[in-house]
Amino acid sequence: MNSGVCENKTCKCMPGFGGVDCSLLSCGSPLIDPSQRPTVASNTSCSSCDDGFGGFNCNVCQTDAGCRSKPPSRTSFLGNEEMVCNKKSEVYHNAYMTCAVRAPELTGFFPGEYSLTMSLDPVNKTVNAQLWLGYTEQFYCDIPNCTLATTEENGVVQTKWDCPTLNCKCIKPTLMCGGVPGPVVTLGDVVDGLKGPFSLTCPQNSNECDFYIKDLSGLFPTGLKMTDCDLGECVFPSEMQSTVTTIKSTMSPGVIACLAILGVLVLFLIVVCSIARRNQLILRRTPYTLNAEAASLEFRNVGYTLNKDGLEILKGISGAAPAGVVLAVMGPSGAGKSTLVDILAGKRKDGKVTGQILLNGKQVHESDIRRAVGFVDQEDTLPPTQTVYEAVLYSAMLRLPEAMPIHRVHERVSEVIEMLGLTHCADRRIGNVTARGISGGEKRRVSIALELITRPPILILDEPTSGLDSYSAHMVVEQLCKLAASKTTTVILTIHQPRSDIFFMFDQTLVVSKGSALYFGPTATAADYFIQRGLVCPPNYNIADYLLDIAMDQELVAKAKSFNDGSENEKAGLSTGHQTHISGNAVSRRAVSNGNSNNNSRNALQHNNASDITRNSYETSVPIEEEGSARSSTASFSEEGARKKQNTVYPVSFLAQLQVIMKRNFQTLIRDKSLLVLHLAVAIVLGVFIGGLYYQVPMNLAGFQNRAGSLFFMLALLGFSSISALGAFTDTRTLFIKERSNGYYPPLPFVISTLLFDLIPLRIVPSIFMGCISYFMIGLSPVVETFFKFLLIIVLFNVATAMFCLVIAAAVRTTGVASLASSIVMLFMMLFGGFMINSGNIPAALTWIQYFSMFKYGFEALAVNEVATSKLIDNIQGVAFNVPGSLILQKLFGFDLGGYWRNMIILIGFNVLFIVLFWGIVTFRLKERK
Ligand SMILES: Nc1ncnc2c1ncn2[C@@H]1O[C@H](COP(=O)(O)OP(=O)(O)OP(=O)(O)O)[C@@H](O)[C@H]1O
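Residues numbered from 1 in each chain as written. Predicted model: local features only at pLDDT ≥ 70, side-chain atom pairs only at ≥ 80, totals over all residues.

Under an unreviewed UniProt entry, the name given to the chain is ABC transporter domain-containing protein, and the organism recorded is Lobosporangium transversale. UniProt lists a comment for the chain under the heading Subcellular location (unreviewed entry), and it reads "Membrane". (UniProt positions renumbered as here; feature names shortened; annotations may be inferred.)

Written out as C-alpha cells, the structure is:
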C-alpha cells in the first residue's frame, strides 16, 4: 500500500508509512530511516512527532533546527552546509504536505473531516497523495511524469504541478470505497478508474492549494479546496535555486489558438470579399455590348444512342440554321425532336452523341455552344413567387453585362415583355399548382422572355407553342421571326403540329421521323419535294399536318426515301446552301404578311416580294445596338475572353449573383410565408407546451428526470422539424438545375443563399424562440452563462440536423426516399443519443453508432451544462440525501462531465462537414442531364 515496494513479504515504505504492508502511519521524522520510524495502530494518529516536525505523519518540517537535528542523509554539493526547512511552495528536493480538504459534495455522502497528505518530489517528477477521512485512509494515488513550474503573474508567485496521468487505489473496506454498510453511493470504481490529468496549484504566501483531477471535475464542480496546508522540506541552501518564470500573457494556449483560427478566417473572408469586390468593379467598368449579330449553326450526321440499352434515338441527322433564319424541327411525338435540339444546344446527355456541330462554320467546344445558345425547355421551370416582370428582371440582372446601367436593364426587360405580349400580366405572380398565377401559355412566353432578354446569337426553343391558343402561338412565332429577321438571333424551334399560317413563317424545316431526317430544306419547297415523290397534299389540307402524316406512316416514309431524282443533296439531309435558305425565307415571309392560311405552298410561292417588305419592317422594329456601339458576335466572344481572364464565364460578378439570388430568396420567404410562419408558430407553441409540461421542476429525483427529459425532448422536436428542409430544398432544386444549365450562375452563390435563407429564419430564429420560452418556464439554471451556453447548443444542434437534411435532399432525388432516409437516421441518432440507452450498456458491436449521433453530443452538452453544477436534494423513505447532479449524470448516463466544450466543437464539426458535403453535392451532382 501507499506506494511501498514489497519483496518477499518485506515492504520498503515511503517516509511516513510503515507496517508490513505500509498501511500504518509512521511518526518521528523523515530524517529517521523509514524502517526505524515508530508506527501507530490503524485508524489512529501520531500523538507526537520529533522536534521541528509536524503534519499528519510527522513528515513536514517546521524549523531549521528540526532539519539539523539529525545528520543529513545526503551530502551538500558545497560540503559544509547545514540544512534549512523550506516552507515555500517552490519545492527543490522532496517536500511533504498535509492539508485539510474542503469538499461539500463529499461530506454530503460521507460525513467527516478530510485530510490529504502528499509527497512532492521534483527530482523524480512524482507526487504521491493519500486522502484520509478522520484517520482512516480512503485512497492513495501514485502520480508520475509531473512537470513543476513556479510562475509570477501580476506579483503573485505560485507553484503548479502538472501530471498527465495518475494511478489511484481505493482502499476497501472504507466508507468511500465500499465494503462497509451505510452509504448509498460508493466511489470505488470512480477512484480506481481515475486517469488524469492531475494538477496541484499552491500560491506562495497562502496556506490554500487547488487540487484538480479532470475525471473528478464533474463530481466536485466547486473544486477540491485544500486549506490549512502545511508544507515543508529539509534542503541545503545551495539547492534552493529559484526558477520563477514571469508570465506576461494572461491568455491560455487554447484561447490563443482559437483567436488565431478566428483571425485567419476573418482574414480569409476579407481577402475573398476584396477579390470578389475587385472583380465586380472590373466587370462594371468593362465596356459592354449586347450581341448584335446572329450566328449560324450547322449539324452533320448527328446521332444519339442510349447507353443503357443501345437504342438509337437519332440516326445521322444533318442540317443547318444559317444566321438569321428560323428553322423548325417537326415530327410526330417521339420522333427525336427534343433530343436533337438538346444536342444542338450543347446540353449534357446521358447517352452517346456522335456527329459534328459547327458554330459560325467552325467546330468549337460544347461550352462555347452553350454560351452562344439561349435555350427554352419544353417544361416551364419558373420561380412561382415572382411576378413576370421580376422573373425577367432577375434573369436580366444575372445575364446582361454588369456594366449596363440599371435603367437600361429595366428598359430591356420592358421591351422583351412587350414583345411577347406579357405587358398585361407583368405584375402578376407566376404561381404554381398550389398558388394559381398566370396561365400556362403566359408561362411559356415568360420562359421565352427569360432567354430572349440577352438576345443570344442562337435561340433554341423546344415546343414554344405548346399550351398556347392559336392566336398566342401565332404571336409568339411571329415575334421569333421578327427576331430572326433583325439578324440578331438565329431561331431553331421544335413544333409538334403547327397551323399552316405558322408553318409558312418558318424559313427552313427539318422533318424528323423515327430519329431520321425525312426532309430538310426551305419550308416553301417542302410540298414540291414530296409531290416529286408522289406524295401530294390533298386540297384544303394543312401541309404541316400532311408532312406529319407522312412522317408517321413508315410506308410513306419508305416511298419518300426510295425516290431518286439524281440529286443527292436535295434529298433529306443537308440542303444546298445559303441562297436556298434566303429564297425559302422570302417565300415564307410572303405567306406571313398576307396572313395566308392556305395550306398549299404553291400559293405561297406567288407572294415573294411582299415577304421582303415584311422583313424590312422587322429590321426597323427591333433595335440592333445597345449603347451606340454595334458589335459582331465575334466581338461578343472576345468580351467572353475578357471575362475568362477574370476567371469567370458569367457576365456578372459573384457578388452581383449573390445579391440577386439572395434578394429573390428573401422575396420568396416573405411572400410564401407559410414555412416561416409555421416554423415560428410551432417553435412558440412547442416552447410553451414543453414549458407548461415541465413547469418549474424542482431539483429532486423526479425533477432531475424531468430536466433531462425536457432537454432531450427539445432536441427531438428540433431534429424532426429539420426534416422540413427536404421539401423546401426540393422546390428550389429544379429551378437551380435549370438556371445553372442555362448559365445564370454557378453553384456557390446558390449554396450560400440557400444556407442563409434556410438556416437563419427557419432554424436559428425558431430554436432561439423555443429555447427562450421553455428555458425559463421549466426553471432551468438562472445563471446567465448557462442560459447562453444552452442556446448555443440548441442552435448548433438544429443547424446541424437541418444541414444533414439538406445534404440528403441534395443527394437523393426522390422526396419520399429522402424523407424516409432522414426520419430513420434521425430515429437512430435519437436512440443512441444517451437518453434512451446508457452509453456503457450499448452492445460492443454497436457502440460506434453513438459517435455519429448528433443527439448524443447535443444532449450531453445540454445535460452537463444544466445539471453538472446543480445538486439533487431529496428524501427517499426518510433517508435524506444531497447528491451532486454531476454524479448522477456520470453514473446514470455515462456522460463525460467536462465535455461541454468538446461536444460543442463536435457539433460545429458536424455543421462544417455537412456544409462542405452540401456544397460538394450541389456542385458535382446537381447538373442537368437529359
Ligand atoms: N434518356 C432516355 N431514356 C429513354 N428513352 C429516351 C431517352 N431520351 C430519349 N428517349 C426516347 O427517344 C425518343 C425521342 O424522344 P424525344 O423526347 O426526343 O421525342 P420528341 O420528338 O421530342 O417527342 P415529343 O414531341 O413528344 O416531345 C422517345 O421515344 C423517347 O422515349
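Draft legend 1. Region of the structure containing the overall build of the chain. When helices and strands are counted, the chain shows 29 helices and 30 strands. The 930 residues of the chain split such that 45% are buried. Taking all contacts inside the chain whose residues are at least 6 apart in sequence as the whole, residues at least 24 apart take part in 69%. (Helix = DSSP H or I, 4+ residues; strand = E, 2+ residues; numbered from the N terminus. Buried ≥ 20, exposed ≤ 12 C-beta atoms within 10 Å, placed from the backbone. Contact = placed C-beta atoms within 7 Å.)

Draft legend 2. Looking closely at the nonpolar core. The biggest cluster of nonpolar side chains holds 175 residues, and the ones touching the most others in it are V392, A449 and I492. Here this core gets 17 residues from one element, more than from any other, and that element is helix α24 (residues 784-811). Setting aside residues up to four positions removed in sequence, A449 forms contacts with V392, V416, I417, L420 and L422. Counting 67 residues, the second largest nonpolar core, distinct from the first, contains C99, F109, C141 and M176. (Core = buried A, V, L, I, M, F, W, Y, C linked by C-beta atoms within 7 Å.)

Draft legend 3. Layout of unusual backbone geometry. For the bond running from K172 to P173, omega is -5°, close enough to zero to count as cis. With respect to the helices and strands, P173 occurs in the loop between β14 (167-170) and α3 (188-192). One non-glycine residue with positive phi stands out, namely N360, at about 50°. Tracing the backbone shows N360 in the loop between β22 (352-359) and β23 (362-363).

Draft legend 4. Representation of helix α22 (residues 724-741) within the structure. For α22, which comprises 18 residues, the first-to-last C-alpha distance of 26 Å matches the rise-based estimate of 26 Å (1.5 Å per residue) to within 8%. Of all the bends in α22, the greatest measures close to 30° and is centred on T732. Every buried residue of α22 is listed here: A725, L726, A728, F729, T732, F736, E739 and S741. Of the surrounding elements, those touching the buried residues of α22 are α20 (674-693), α23 (747-778), α24 and α25 (815-831). (Expected span 1.5 Å × (residues − 1). Bend = angle between axes of the 7 residues up to and from the residue.)

Draft legend 5. Highlighting the site of the ligand. The environment of the ligand is formed by L306, I313, G331, S333, G334, A335, G336, K337, S338, T339, D350 and H496. Ranked by residue count, the leading element in the shell around the ligand is helix α5 (residues 337-344), at three residues. Of the residues that constitute the shell around the ligand, the class distribution is three nonpolar, seven polar and two charged. (Near = placed C-beta within 6 Å. Nonpolar A, V, L, I, M, F, W, Y, C, P; charged D, E, K, R; others polar.)

Draft legend 6. Representation of the packing of α23 against helix α29 (residues 900-924). Viewed as axis vectors pointing N to C, α23 and α29 meet at an angle of 135°, and their least axial separation amounts to 10 Å. It follows that α23 is oblique to α29 by the angle criterion. For the element pair α23 and α29, the recorded crossing hand is right-handed. Residues P747, F750, V751 and L755 of α23 form the contact with α29, whose own contacting residues are I915, F918, W919, V922 and T923. For the contact of α23 with α29, a count of residues per class yields eight nonpolar, one polar and no charged. (Axes fitted to C-alpha atoms, helices over the stretch in contact; angles between N-to-C directions. Parallel < 35°, antiparallel > 145°, perpendicular 65-115°, else oblique. Left-handed = near helix turned anticlockwise from the far one by under 90°.)

Draft legend 7. View of the pairing of strand β20 (residues 312-321). As paired elements, strand β19 (residues 297-305) and β20 share six bridges and run antiparallel to each other. Directly across from Y304, in β20, lies its bridge partner L314. Linking two consecutive strands that pair antiparallel, namely β19 and β20, is a turn of six residues; a positive phi of about 70° is found at G310 within it. (Pairing = 2+ DSSP bridges.)

Draft legend 8. The arrangement of the sheet that holds β23 in detail. With antiparallel pairing, four strands are arranged side by side in an open sheet as β20-β19-β22-β23. Edge positions in the open sheet fall to β20 and β23, since each of these has one partner strand only. Along the sheet, α5 contacts β19, β20 and β22; its crossing angle with β19, the most-contacted strand, is approximately 120°.

Draft legend 9. Structural view of α23. In this model α23 runs 44 Å from its N-terminal to its C-terminal C-alpha over 32 residues, within 8% of the 46 Å that 1.5 Å per residue would give. Of all the bends found along α23, the most pronounced is centred on L759 and spans about 40°, while P761, a proline, follows it within four residues. Where α23 ends, the next residue or the one after it, G779, has phi of about 85°, a positive value.

Draft legend 10. Inspection of the sheet that holds strand β27 (residues 508-513) at higher detail. Spatial strand order, β24-β25-β26-β21-β27-β28: six strands in an open sheet with mixed pairing. Each edge of the open sheet carries a strand with a single partner, namely β24 (373-376) and β28 (516-522). Each neighbouring strand pair of the sheet contributes to a mean axis angle of 15°, computed without reference to strand direction. Pairing of strand β25 (residues 458-462) with strand β26 (residues 490-495), which is carried by five bridges, proceeds in the parallel orientation. Residue pairing across strands places L461 opposite L493, the latter belonging to β26. Strands in contact with α5 are β21 (326-330), β25, β26 and β27; relative to β26, the strand with the most contacts, it is inclined by about 155°. Contacting β21 and β26, helix α10 (residues 470-485) crosses the sheet at an angle of about 155° to β26.

Draft legend 11. How the structure looks around the packing of α22 against α25. One can describe the packing of α22 onto α25 by two numbers: an axis separation of 10 Å at closest approach and a directional angle of 155°. Between α22 and α25, the angle falls in the class roughly antiparallel. The hand of the α22/α25 crossing is right-handed. For the pair α22 and α25, the contacting residues are L726, G727 and T730 in the first and T815, A818, S819 and S822 in the second. Looking at the contact of α22 with α25, its residues break down into two nonpolar, five polar and no charged.

Draft legend 12. How the structure looks around the UniProt feature "transmembrane region" (unreviewed entry) in the chain. When the UniProt feature table is mapped onto this chain, "transmembrane region" (unreviewed entry) is found at residues 254-276, 675-697, 709-729, 750-778, 790-812, 824-849 and 900-922. Between the end C-alpha atoms of residues 750-778 there is a gap of 40 Å, over a span that is 100% helix and 0% strand. Taken end to end, residues 824-849 is 42% helix and 0% strand, and its two terminal C-alpha atoms sit 13 Å from one another.

Draft legend 13. Local environment of the environment of G771. Relative to the elements of secondary structure, G771 occurs in helix α23. The buried category is assigned to G771, around which 24 C-beta atoms lie within 10 Å. A C-alpha to C-alpha distance of 9.0 Å links G771 and V795, two positions 24 residues apart in sequence. Excluding residues that lie within four positions of it along the chain, G771 makes contacts with F790, L791 and I794.

Draft legend 14. Summary view of the environment of A335. With respect to the secondary-structure elements, A335 resides in the loop between β21 and α5. Exposure remark for A335: the 25 C-beta atoms within 10 Å place this residue in the buried category. When the C-alpha atoms of A335 and G515 are compared, they prove to be 5.4 Å apart, with 180 residues separating the residues in sequence. With residues near it in sequence (within four places) discarded, A335 still touches V512, S513, K514, G515 and A551.

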